[in-house]
Amino acid sequence: MQEVVLRDGLQSERAFVPTAQKIALADALSRTGIAKLEVTSFVSPKAIPNLADAEDVLRGITRVPGVLYTVLVPNMRGAERALNCGASIDEWNLVMSVSESHNLMNLRMTREQSFTQLAAVVALARSSPTPVAINVSLSCCFGCPVEGEVPPAEVHRWAARFLELDGVGGVSLCDTTGMAFPSQVQTICNEHLRRWPDAETTLHFHNTRGLGLANALAGLAAGIDRFDASLGGLGGCPFAPGATGNICTEDLVHLLELEGCATGVDLPALLEVSRQLAATVGHDTPGQVVKAGQRLDTKPAPDWLEGVRARALAKGGD
Ligand code: COA
Ligand code: ZN
């Protein structure tokens, strides 16, 4: 389970979340059993003001052994900041959109320009004295909010270009604005896994049209078991029109555990962290299990139930 609330979740929050609260949230999440934590993003503070404190957050967190710490890196400037931030980072999560229009909106570069710059970022990471893994998040793999359908061939072409670079260990297939649907997910994942059975593949869904968890199950059926998700279901790319929150981490953990998939996450502990999230961001969150409780968290029977039972029995019969 890969937790992205500190990056995807906070990037579109209007009110600045104080650095100390981000650090407290990161530290609390680190202790819930999640495998990977996306801590922040080395983007332009003008583009994403809420993540302007990336260096301070990274320097302030307490690393928990066994948790992988990753950061979003959109360009060379971001990579230089990651190298010089004074904190150890396990992975750089590079980002580019497979849709030309979204890449122009989000990164102000053509896809080809992004690729050239990110290939140089990969080379820089490989020459770094401290090893850093590289993942590439490919936005809009299941549809683009302005171009509409994105041909699956484009997804496979860009995945191949990155995975063929020495040093890139995995890609995330991202549904940036919740346009994916289950059979599409299965088709794209099947073909991706046929081509890249040994790459680390992650699925990143947004729940914009209520299909997020269904899409995750479709990806799981295709054989992918790494998921990005965001505490409370916060999230969304500010440069993708109509974007809304990621699939909610605790709702996904609840589903996967019911389906017999061990996530390694302590769900009660995660729900406790989620309960505090609304205060951190200053508004309610879309998460559902945190409000409804887990499936078998029963409610107390009403006082009058015994009276109803007694009257029913007094009537006789079955
Ligand atoms: N970190 C900090 N500052 C950065 C930066 C980075 N990674 N990349 C660019 N900048 C700064 C430049 O230093 C420059 O600053 P200045 O105006 O003070 O001189 C300014 O941003 C513009 O730089 P430029 O290279 O001309 O970029 P641009 O205006 O074409 O914008 C991005 C490109 C990448 C900065 C911008 O589009 C961006 O950060 N997008 C964020 C996308 C994102 O995070 N989306 C959500 C996640 S998918
Ligand atoms: Zn996202």
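Residues numbered from 1 in each chain as written. Chains lettered and ligands numbered in written order. Predicted model: local features only at pLDDT ≥ 70, side-chain atom pairs only at ≥ 80, totals over all residues. Heavy atoms only, no water.

Caption draft 1: Molecular detail of the pairing of strand S2 (residues 36–41). Of all six residues making up S2, six are buried, and the element is well covered by its neighbours. The pairing of strand S1 (residues 2–3) with S2 spans two bridges and is classified as parallel. Following the sheet pairing, Glu-3 is matched in S2 by Leu-37. Pairing geometry for S2 and strand S3 (residues 68–73), over five bridges, is parallel. Across the sheet, residue Glu-38 finds its bridge partner in S3, namely Thr-70. On the question of chirality, the crossover connecting S2 to the parallel S3 by way of helix H3 (residues 54–60) is right-handed. (Buried < 20%, exposed > 50% of the residue type's maximum accessible area, 1.4 Å probe, protein only. Helix = DSSP H or I, 4+ residues; strand = E, 2+ residues; numbered from the N terminus. Pairing = 2+ DSSP bridges. Right-handed = clockwise from strand over helix to strand, strands pointing away.)

Caption draft 2: Layout of the nonpolar core. Membership of the largest hydrophobic core comes to 87 residues, with the highest contact counts inside it found for Leu-29, Trp-92 and Leu-138. Leaving out residues up to four positions away in the same chain, Leu-29 has contacts with Glu-3, Val-5, Leu-6, Ile-34, Leu-37, Leu-231, Leu-270 and Val-273. (Core = buried A, V, L, I, M, F, W, Y, C linked by side-chain atoms within 4.5 Å. Contact = heavy atoms within 4.5 Å.)

Caption draft 3: Examining the coordination of the zinc ion (ligand 2) more closely. Coordination sphere of the zinc ion (ligand 2), protein contribution only: Asp-8 (OD), His-204 (NE2) and His-206 (NE2), at 2.0 to 2.2 Å. The sequence motif formed by the donor residues of the zinc ion (ligand 2) is D-x195-H-x1-H. Of this pair, Asp-8 sits in helix H1 (residues 5–9) while His-206 sits in the loop between strand S7 (200–205) and helix H9 (212–222), and the two are 198 residues apart along the sequence. Neither Asp-8 nor His-206 differs from the other in exposure class; each is buried. (Donors = N, O, S within 2.8 Å, 3.2 Å for Na, K, Ca; no water.)

Caption draft 4: Region of interest: the environment of Pro-18. With respect to the element layout, Pro-18 can be found in the loop between H1 and helix H2 (19–30). For Pro-18, a relative accessible area of 36% gives the class partly exposed. With 162 residues separating them along the chain, Pro-18 and Ala-180 place their C-alpha atoms 34 Å apart.

Caption draft 5: Looking closely at the packing of aromatic side chains. Throughout the structure, instances matching the rule amount to three aromatic pairs. Where Phe-115 meets Trp-158, the ring centres are 6.0 Å apart and the plane angle is 55°; that geometry is what we call tilted. Placement of the pair is Phe-115 in helix H6 (residues 111–127) and Trp-158 in helix H7 (residues 152–163), with a sequence separation of 43 residues. The pair formed by Phe-115 and Trp-158 is uniform in burial state, with each residue classed as buried. Measuring from ring centre to ring centre gives 5.8 Å for Phe-142 and Phe-205, while their planes differ by 50°; the resulting arrangement is tilted. Linking Phe-142 in the loop between strand S5 (133–139) and H7 with Phe-205 in strand S7, this pair joins segments that are 63 residues apart in sequence. Assigned by exposure class, Phe-142 and Phe-205 land together as buried. (Phe/Tyr/Trp six-rings, centres within 6.5 Å; stacked < 30°, edge-to-face > 60°.)

Caption draft 6: Summary view of the site of ligand 1. Neighbouring ligand 1 are 19 residues; Phe-42, Lys-46, Asn-75, Arg-81 and Asn-106 lie closest to it. For ligand 1, a nitrogen atom lies 3.3 Å from a polar atom in the backbone of Val-43. Take Gly-78: an N or O atom from its main chain is 3.3 Å from a nitrogen atom of ligand 1. Compared with its free state, where it exposes 910 Å², ligand 1 has 65% of that area covered by protein. Breaking the shell around ligand 1 down by element, the ones donating at least two residues are helix H4 (76–83) and helix H5 (100–107). Sorting elements by how many residues they give to the shell around ligand 1 places H4 first, with three residues. Tallied by class, residues from the shell around ligand 1 come to nine nonpolar, five polar and five charged. (Near = heavy atom within 4 Å. Polar contact = N/O pair within 3.5 Å; in protein donor to acceptor, adjacent residues only side chain to side chain. Areas by Shrake-Rupley, 256 points an atom, 1.4 Å probe, with all protein chains shown as cover. Nonpolar A, V, L, I, M, F, W, Y, C, P; charged D, E, K, R; others polar.)

Caption draft 7: Looking closely at the sheet that holds S2. The parallel closed barrel is built from eight strands, whose spatial order is S1-S2-S3-S4-S5-S6-S7-S8. Here helix H8 (residues 182–195) sits on the sheet and contacts strand S6 (168–175) and S7; the angle it forms with S7, its principal contact strand, is near 165°. (Axes fitted to C-alpha atoms, helices over the stretch in contact; angles between N-to-C directions.)

Caption draft 8: Structural context of the pattern of salt bridges. Following the criterion strictly, the structure yields 16 salt bridges and no others. For the salt bridge of Arg-161 with Glu-112, the shortest nitrogen-to-oxygen distance reads 3.0 Å. Highlighted residues: Arg-161 in helix H7 and Glu-112 in helix H6, separated in sequence by 49 residues. Owing to a relative accessible area of 24%, Arg-161 belongs among the partly exposed residues under this scheme. Take Glu-112: its relative accessible area is 39%, and that puts it in the partly exposed class. Here the salt bridges share partners, and the residues they tie into one network are Glu-100, Arg-111, Glu-154 and Arg-157. (Salt bridge = Lys/Arg side-chain N within 4 Å of Asp/Glu carboxyl O.)

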